Amino acid sequence: MREHPLDQIPFYAAGTLSDGSSAALEVHLSVCPACRSELANWEQIARAMQEASAAGELPTLSTWVRHSLRRRPSLRESFQAAAGMVWAQRAVLLRGAVLPAVVMAIAAGVLAAILLGGFSQVSPQLYAVIPLFFLVPLIAILAVAYLQSSDTDPAFEILAATSTSPGTLVSARLTLALGVIGLLALIGSLVIGGFAGASLRWLIGAWLGPLLLLSALTTILALVWNPQIAIGVSLTLWSGVVVLALAALQRPFPWRFSPLFLLQPGWEILVAQIFLAGLLWYAAVRLLQRGLPVSRRLEAGE
Amino acid sequence: MMGYNILMERRSDLISWSADDPDLSLVRAIARGDARSLEELYSHQGPGILAYLFNRLGDRELAEEILQDVMLAVWQGAGRFRGKSRVRTWMLSIARYKAINAWQRSAPATMQFSDELPDPAPDPSNLATQGDALKELSDALLQLPDHQRETLELVFNHQLSCKEAAQVMGVSPGTVKSRLHRAKASLRKLLDSQEDHHA
């Protein structure tokens, strides 16, 4: 004898079971008096619920809703709303030791750059660039992966039920985190420039392009696979590039293009990096708008 | 056995709601800035959402106020609605979120959580066998814990599938099923005690 499909009966009574399931259930009902009685109970409950819950008169849409409908937000209001949303995500950065860790890492990089620039006999300008070139993209990779892995964030339960898409909120968090890292790195670069006298274009250009490229890549990998894979791939890639650049410092490269151009980026290199990063970020934002973090979580929970 | 239930569950999941959801085109129009479509959506979904809000909050004025909030959220969020769920499910989710917020603002100290009654063995005999017994059943429904009544309401009054009701309440589909069965068991218990009382 089959098990009674008790879970299906209330939905059959409500009329929301799919045609296929309903047909299968009807076959079972025709031979099972116990389930027919169960169905009768649910039909009574359904009727009582519908009778108990009369909606009453619907008020007209209020004047302030109508007023809000008449006008779309101006560019300035949109910008303010976006900035407000980004700022509202600051709690994520302030939670735990994230922000102090970023500040300390960049401060250590600045100190190392000043020392390297001061002690280097050969090319102090070049050596002063290395610490932030290495550190800033590294910090960005870790921060992005951290933000992507906070699916366990209790706020995600609520996000699933709000009209704000989870992708928008994650984008806001990423913007804030990368903005803070960029700002700190910029301050660090100015300090190094002041002490070591290195070119600001190199100091900033060396980390800016890789920061944008690798954070976009990490976001995409975290969305498509998971944050662990994203960290692994991005870190491996970035350490490879850094090792190549350091090796090129020691001895001239046999190839036509030496990875040293990353340490001393010309305008064309900067523009190319930012353009490529723009393309990657466009893909990342499209992926985020599909709302993968939450849907993945909900699917896993079912 | 198990296979039957799993098969049924999978099939019911496969129903594609969004494709034939008549309100989806309204939401698309709202996303383009069409205020008249919002009015139309309001007249379709407003009564159900208002009843849902009133049943959760027990305050008609507050329910009406939140309904306006929901409509504003729909206006602002229509562009981000991707049609992966039915419009009704989406709006109920927003309404529930806003109702919880309002409730927490108004009475943070009186919040109560799950107070589910024990689950007695299912009884196959009919809950109410006579016409006037429907009145008793309606009275008993009012005495159910709110999360059980909410589940019944989403399933029977709003015609949500198991998965959709789970989505609105932020619980698993298994919880929806168990709440339904507990609600029925609670009703059985309440009706029995009423009968004893009359006797």
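Residues numbered from 1 in each chain as written. Chains lettered and ligands numbered in written order. Predicted model: local features only at pLDDT ≥ 70, side-chain atom pairs only at ≥ 80, totals over all residues. Heavy atoms only, no water.

Across its full length, chain B holds 9 helices and 0 strands. Counting from the amino terminus, chain B carries its helices and strands in the arrangement α-α-α-α-α-α-α-α-α. For chain B, the proportion of its 199 residues judged to be buried stands at 50%. Taking all contacts inside chain B whose residues are at least 6 apart in sequence as the whole, residues at least 24 apart take part in 70%. Carbon and sulfur atoms make up 52% of the accessible area of chain B, which totals about 9700 Å². (Helix = DSSP H or I, 4+ residues; strand = E, 2+ residues; numbered from the N terminus. Buried < 20%, exposed > 50% of the residue type's maximum accessible area, 1.4 Å probe, protein only. Contact = heavy atoms within 4.5 Å. Areas by Shrake-Rupley, 256 points an atom, 1.4 Å probe, with all protein chains shown as cover.)

On a plain count of helices and strands, chain A comes out with 14 helices and 0 strands. Helices (α) and strands (β) of chain A occur, in sequence order from the N terminus, as α-α-α-α-α-α-α-α-α-α-α-α-α-α. For chain A, with 302 residues in total, the buried portion stands at 46%. Counting only contacts in chain A whose residues sit at least 6 apart along the sequence, the fraction spanning at least 24 positions is 74%. About 15300 Å² of surface is accessible on chain A, with carbon and sulfur atoms providing 69% of the total.

Moving on, we come to the confidence of the model for chain A. Residues and elements named next belong to chain A. When pLDDT is averaged across chain A, the result is 78; 80% of the residues are at 70 or more. When mean pLDDT is compared element by element in chain A, helix H1 (residues 9-14) scores highest at 92, while helix H14 (residues 292-301) scores lowest at 40. Contacts for the low-pLDDT stretch residues 292-302, under 50 throughout, to residues beyond four places or in other chains number 20 contacts. (pLDDT = per-residue confidence, 0-100.)

The next thing to look at is the side chain of A:Thr218. All names here are of chain A. Mapping threonine 218 onto the fold places it in helix H11 (residues 200-224). Residue classification places threonine 218 among the buried residues on the basis of a relative accessible area of 0%. Polar contacts involving the side chain of threonine 218 include one to the main-chain carbonyl oxygen of leucine 214, which spans 2.6 Å. Contacts of threonine 218, omitting those with residues within four sequence positions, involve Ile141, Val144, Ala145, Ala230 and Ser234. (Polar contact = N/O pair within 3.5 Å; in protein donor to acceptor, adjacent residues only side chain to side chain.)

Inspection of the entire model under this criterion finds 8 salt bridges over all chains. Note that B:Lys184 is salt-bridged to A:Glu38, the shortest N-O span being 3.3 Å. Pair noted here: B:Lys184 is in helix H9 (residues 173-198) and A:Glu38 is in helix H3 (residues 33-52), and the two residues belong to different chains. The class for A:Glu38 is buried, based on a relative accessible area of 5%. (Salt bridge = Lys/Arg side-chain N within 4 Å of Asp/Glu carboxyl O.)

Before going further, it helps to examine a nonpolar patch on the surface. All names here are of chain A. Residues Leu183, Leu186, Ile187, Leu190, Val191, Phe195 and Leu200 make up a contiguous nonpolar surface patch of about 630 Å² in total accessible area. Of all the elements, helix H10 (residues 166-196) adds the most residues to the nonpolar patch, at 6 residues. Mapped onto the elements, leucine 200 comes out in helix H11. Using a relative accessible area of 36% as the deciding quantity, one classes leucine 200 as partly exposed. (Patch = residues over 30% accessible without salt bridge, like charges linked within 9 Å, V, L, I, M, F, W, Y side chains within 5 Å.)

Moving on, we come to helix H2 (residues 19-31) of chain A. Residues and elements named next belong to chain A. With 13 residues, H2 extends 19 Å between its outermost C-alpha atoms, agreeing within 8% with the 18 Å of an ideal straight helix rising 1.5 Å per residue. The set of residues buried in H2 consists of Ser21, Ser22, Ala24, Leu25, His28 and Leu29. Projected down its long axis, H2 carries its buried residues within an arc of 165°, all on one side. For H2, the exposed residues lying more than 90 degrees away from the buried face are Asp19, Val27, Ser30 and Val31. (Expected span 1.5 Å × (residues − 1). Arc of directions from axis to C-beta.)

Turning our eyes to something else, we now look at the nonpolar core. One recurring pattern in soluble globular proteins: nonpolar side chains tend to sit buried together. A:Ile45, B:Leu53, B:Val74, B:Leu152 and B:Phe156 are the most contacted members of the largest nonpolar core, which totals 67 residues. For this core, the element with the most residues is helix H4 (residues 60-77) of chain B, which contributes 9 residues. With 53 residues, the next largest nonpolar core counts A:Val129, A:Phe133, A:Trp207 and A:Leu211 among its residues. (Core = buried A, V, L, I, M, F, W, Y, C linked by side-chain atoms within 4.5 Å.)

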